[in-house]
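# Observations on chain architecture
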Amino acid sequence: MTVTTTQPDPAAGAAVKAADRAHVFHSWSAQGLIDPLPIAGAEGSYMWDYEGNRYLDFSSQLVNTNIGHQHPKVVAAIQEQAGKLCTLAPGFAVDVRSEAARLIAERTPGDLDKIFFTNGGAEAVENAVRMARLHTGRSKVLSTYRSYHGATAAAINLTGDPRRWASDTASAGVVHFWGPFLYRSPFHAENEHQECERALRHLEDTIAFEGPQSIAAIILETIPGTAGIMVPPPGYLAGVREICDRYGIVFILDEVMAGFGRTGRWFAADHFDVTPDLMTFAKGVNSGYVPLGGVAISAEIAATFDKRPYPGGLTYSGHPLACASAVATINAMAEERIVENAAEIGEKIIGPALQDIAERHPSVGEVRGMGVFWALELVRNRETHEPLVPYNASGADNAPMAEFAAACKERGLWPFVNMNRTHVVPPCTVTETEAKEGLAALDEALTAADAHTV
Ligand code: PMP
């Protein structure tokens, strides 16, 4: 794709930044320590700043621009909808909402045929948990330590990563357990088969000690994303499904990050032939052009609320602009074989290139992933798996990762970096040429990480 960047205008960039620093309160940040980069525009897999620097976006922003920036069909659909009807309360039937729900239900696995729309992923998780509690009449919800489920009250408490710590008591009834992760096996397993068996036994033990009659739901990311793109071993998700069935526990799969093409299939669950009772989605459903998320609901759980009301709702549930952008996104993905592109680029270009990079860079401990959903686990010591930076590092402790990220940016690559990992998560539309350009920059930048190995 030929990308036309706007003319450099450093003075305009400085004004944008000054206004940002005066009035914008940023997520997850110490407000006095941040230096946000003013962005002038974006198209396809690229964005550019006011100084004339262009960046290939290997982060897809927050792993959501699955069809890249400014896809003309989606932009046109939003403009057209804005001209017709900008907003309508959720209680009415409206063409774009009905069509978005139909297109999503057609693609979700099994009988997940009813769609409750939200404004994003965390609200989807909140509502899925609420539905599970109302459906079962039970209260506890189990989630894994290595997980991210959002930043609202219940969602942040379900989240396993350290961002939960500040709000640990936000939602009662959350119990954490360990999911499978062979590279840092909580079960000291030596192979995937052992990891799977031991992880399932650990889950059964957790349920036994918590009391199965008190557990409403188990929520898992199909492939945990933010926590490290840890593809579960064969049999694990089927095993969890079987345990949920045995104890009457609702199985929730969180596909907010892994869904809508990211793994090279419409949903990550498609790779594992597993159907949950509830499935959350957001991000890729419309590439984040307008905030949108939702819950896909099984026939059995939907039936719970056939004669009794579901006591939940949002002013903007199924917002027409968001739904119009979802319809256009899903149709464009199908027409332009974008999901297939993600699978092919992953299999032919990214996977093999990352394996090759891992062989040449001592800082790369492991490569994991599929589609356009890959992680490099960076380590100080390949033998011991000691991470390149300590868990939850900040400031000077985090210098090796900060140096690596800076080396990427100097080479025109915008990386996704979290703790001791970098994730290779470009848009699903990424071309072979773009993927190779980004991988070459990554290869060079990893030398900065290698300098910290022992
Ligand atoms: N679940 C998962 C798996 C996610 O990756 C995220 C966002 N990174 C969320 C939920 C929360 O989504 P949002 O930020 O749209 O609330």
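About the cut-offs
Numbering of residues begins from 1 in every chain and follows the order in which that chain's sequence is written. Two thresholds apply to this predicted model, a pLDDT of at least 70 for residue-level local features and 80 or more for giving and counting side-chain atom pairs, whereas whole-chain, interface and lining totals are computed over all residues. By definition, a residue lies near a molecule or strand when the C-beta atom built from its backbone is within 6 Å of it. Under the grouping applied here, Gly and all other residues not named as nonpolar or charged are polar, the nonpolar ones being Ala, Val, Leu, Ile, Met, Phe, Trp, Tyr, Cys and Pro and the charged ones Asp, Glu, Lys and Arg. Strands are treated as partners if at least two bridges between them are detected by DSSP. Comment: elements are numbered from the N terminus, with helices defined as DSSP H or I runs of at least four residues and strands as E runs of at least two. Our exposure labels follow a C-beta count within 10 Å of each residue's own C-beta, placed from the backbone: buried means 20 or more other C-beta atoms, exposed means 12 or fewer, and partly exposed covers the counts in between. Joined through C-beta atoms within 7 Å, a set of buried Ala, Val, Leu, Ile, Met, Phe, Trp, Tyr and Cys residues constitutes a nonpolar core. An automatic or database domain assignment provides the domain bounds reported here. Here, residues touch in the contact sense if the C-beta positions derived from the backbone fall within 7 Å of one another. How far a helix is expected to stretch is found by multiplying one less than its residue total by 1.5 Å. Fitted lines through C-alpha atoms serve as axes, helices being fitted only where they are in contact, and the angles separating the N-to-C directions of these axes extend from 0 to 180 degrees. For classification purposes, an angle smaller than 35 degrees is called roughly parallel, one larger than 145 roughly antiparallel, one from 65 to 115 roughly perpendicular, and anything else oblique. Left-handed describes a crossing whose near helix is turned anticlockwise from the far helix by less than a right angle; the clockwise case is right-handed.

If you check the shell around the ligand, you find 16 residues, and the closest are Gly120, Gly121, Ala122, Gly150 and Val256. Its residues assigned to classes, the shell around the ligand shows seven nonpolar, seven polar and two charged.

Moving on to the sheet that holds strand β2 (residues 46-49). The four strands lie next to each other as β1-β2-β3-β14, forming an open sheet whose pairing is mixed. Edge strands, defined here as strands with exactly one partner in the open sheet, are β1 (39-43) and β14 (413-414). The sheet contact formed by strand β3 (residues 54-57) and β14 spans two bridges and is parallel. Residue Asp57 lies in a different strand from β14, and its bridge partner there is Trp414.

Summarising burial for strand β7 (residues 215-221): seven of the seven residues are buried, a large majority. By the bridge criterion, four bridges tie strand β5 (residues 140-144) to β7 in an arrangement that is parallel. Within the sheet, the bridge partner assigned to Leu142 lies in β7 and is Ile218. Note that β7 and strand β8 (residues 250-254) share five bridges and pair parallel. Bridge assignment links Ala217 to a residue of β8, and that residue is Val250.

Glancing now at the nonpolar core. Residues Ala217, Ile218, Ile252, Leu278 and Ile350 are the most contacted members of the largest nonpolar core, which totals 129 residues. Per-domain counts for this core show at least three residues from each of domain 1 (10-70 + 337-450) and domain 2 (72-335). Other than its neighbours up to four places away in sequence, Ala217 contacts Val129, Ala132, Val141, Ile249, Val250 and Ile252.

On the secondary structure map, Arg138 appears in the loop between α5 (121-136) and β5. Once the C-alpha coordinates of Arg138 and Ser214 are considered, the two residues, 76 residues apart in sequence, prove to be 5.1 Å apart. Beyond its immediate sequence surroundings of up to four residues, Arg138 is in contact with Arg133, Gln213, Ser214, Ile215 and Ala216.

The subject of this paragraph is the domain arrangement of the protein. Taken domain by domain, the protein holds domain 1 (10-70 + 337-450) and domain 2 (72-335). The centre of domain 1, based on its C-alpha atoms, is set 25 Å off from the matching centre of domain 2. Secondary structure elements with two or more residues in the side of domain 1 that touches domain 2: α2 (60-63), α12 (338-360), β11 (364-370), β12 (373-381) and β16 (421-424). For the side of domain 1 that touches domain 2, the element with the highest residue contribution is α12, accounting for five residues. Counted by class, the side of domain 1 that touches domain 2 contains twelve nonpolar, twelve polar and four charged residues.

Moving on, we get to the environment of Asp95. The topology assignment puts Asp95 in helix α4 (residues 95-107). Considering only alpha carbons, one finds Asp95 and Cys323, 228 residues apart in sequence, at a separation of 9.3 Å.

Okay, the environment of Trp28 next. Note on placement: Trp28 falls in the loop between α1 (10-23) and β1. Residue Trp28 is classed as exposed on the basis of its 7 C-beta neighbours within 10 Å. Spatially, the C-alpha atoms of Trp28 and Ala441 are 28 Å apart, while their sequence positions differ by 413 residues.

This paragraph deals with helix α14 (residues 432-450). The end-to-end C-alpha distance of α14, which contains 19 residues, comes to 27 Å, matching closely the 27 Å that a straight helix rising 1.5 Å per residue would cover. Looking only at α14, the buried set comprises Glu434, Ala435, Gly438, Leu439, Ala441, Leu442, Ala445, Leu446 and Ala449. Summarising the contacts, the buried residues of α14 are in contact with β3, α12, β11, β12, α13 (399-410) and β14.

Where α4 contacts helix α11 (residues 320-335), the axes come no closer than 8 Å and their chain directions differ by 40°. Looking at the two axes, α4 sits oblique to α11. Relative to α11, α4 is oriented so that their crossing is left-handed. Contacts between α4 and α11 pair Val96, Arg97, Glu99, Ala100 and Leu103 from the former with Pro320, Cys323, Ala324, Ala326, Val327 and Ile330 from the latter. Broken down by class, the residue content of the contact of α4 with α11 amounts to nine nonpolar, no polar and two charged.

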